[in-house]
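What the coordinates show
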Amino acid sequence: MTDELPRTRVSAWRPSVAGITEVFHARFTDHAYPVHTHDTWSLMILDAGTVDFAVDRRRHGAAGAGAVVLLPPGVPHDGRTVQPSGFRKRVLYLDTGVLPARWIGAAVDDPVHADRVLRRRVHQLHGALTGPQDAFEAECRLTLVRERLLRHLRAPRTGAPDREPSRTAGALRDLLDERLSNGLTLHEAAGLLHAHPTHLVRCFKQTYGLPPHAYLTGRRIDRARRLLLAGQRPADVAAAVGFYDQAHLNRHFTRHLDVTPARYARYRRSAHLQTRPVGEVPQ
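Criteria and thresholds
- Residues numbered from 1 in each chain as written.
- Predicted model: local features only at pLDDT ≥ 70, side-chain atom pairs only at ≥ 80, totals over all residues.
- Heavy atoms only, no water.
- Helix = DSSP H or I, 4+ residues; strand = E, 2+ residues; numbered from the N terminus.
- Buried < 20%, exposed > 50% of the residue type's maximum accessible area, 1.4 Å probe, protein only.
- Contact = heavy atoms within 4.5 Å.
- pLDDT = per-residue confidence, 0-100.
- Salt bridge = Lys/Arg side-chain N within 4 Å of Asp/Glu carboxyl O.

For the rest of this paragraph, the subject is the side chain of Thr-21. Positionally, Thr-21 belongs in strand β2 (residues 20-28). By relative accessible area, which is 19% here, Thr-21 ends up buried. Apart from residues lying up to four places away in sequence, Thr-21 is in contact with Arg-14, Thr-40, Tyr-93, Asp-95 and Arg-226.

One non-glycine residue, Asp-56, lies in the positive phi region at around 50°. Along the chain, Asp-56 falls in the loop between β4 (41-55) and β5 (58-63). Owing to a relative accessible area of 15%, Asp-56 belongs among the buried residues under this scheme. With a phi angle near 65°, Asp-258 is a residue other than glycine that sits in the positive phi range. With respect to the helices and strands, the residue Asp-258 is situated in the loop between α9 (246-257) and α10 (261-270).

Turning next to the environment of Gly-170. As for its position among the elements, Gly-170 is in helix α4 (residues 167-178). In this structure, the C-alpha to C-alpha distance between Gly-170 and Cys-203, residues 33 residues apart in sequence, is 9.5 Å.

A residue-level look at the chain finds 87% of positions with pLDDT of 70 or above and a mean pLDDT of 85. Per-element confidence in the chain ranges from a low mean pLDDT of 77 for α10 to a high of 95 for strand β6 (residues 68-71). With pLDDT under 50 throughout, residues 1-5 is counted as low confidence; its partners more than four residues away or in other chains account for 1 contact. Under a pLDDT of 50 for its full length, residues 271-283 has, in the predicted model, 33 contacts with residues more than four places off or in other chains.

In total, this model carries 16 salt bridges according to the counting rule given. For Arg-58, the salt bridge is made with Asp-109, and the minimal N-O distance between the two is 3.7 Å. Linking Arg-58 in strand β5 with Asp-109 in helix α1 (residues 104-109), this pair joins segments that are 51 residues apart in sequence. Asp-177 is the salt-bridge partner of Arg-219, the closest N and O atoms lying 3.4 Å from each other. In this pair, Arg-219 sits in helix α7 (residues 212-229) while Asp-177 sits in helix α4, placing the two residues 42 residues apart along the sequence. Note on Arg-219: relative accessible area 11%, which makes it buried. When its relative accessible area of 27% is taken as the criterion, Asp-177 is described as partly exposed.

Right under this line is the structure:
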């Protein structure tokens, strides 16, 4: 017998609140996220530990229960544990109806905010999201969180100026998004875009910070999470998002989230049994 905590614990669900596509709570001890992107904003607070991450190839760190991390949509990022004890986090995935895409550049420049008021508001929002009976409260609290985030995003920026994406890379990205379920070969993409395959890969990586195949896999994982949280079976999800079979989905899903799709779906069913978010430090 051992009293050690499990290496990974997660819970996730889709709340009935417009603008929030997923609530995700996790404890990781030695997990490392591969470079990937989301089509949503990722708003994270830590309850314990330290996390190291890169946004658009620039490394950052966040520690303890004071920082708020905002990662913008469409920008490559990774994440990894720093201490042997790992970290505990809570994440809200927000669509661009909450935060417009025009603030992406500001978020890339400064993704970490030492703002206790914002942190408290995000914590209170998580508390309101634990049960469907609190949907109205959650909507109100989301408005307060958005107001505070915009104060940071509108602040004077000191980072590098925005880079316009390469037209070729942007066209390939649009094509990958369109063919998420059916997929395509690199040579097919090259023919459709009238570009050499090598040029496509090099251009995409220079523009977005990850190769096309990694982008496509990450987007498929994103869609798989939403379908699993909607109650679909892993085998059906694998086919729906473009993986060859359930084993193919399992391999990539586990690499991204350190749990299998089946376990992830089970966490969805138990998520609302929580009475409050785990690990909160009173403020």
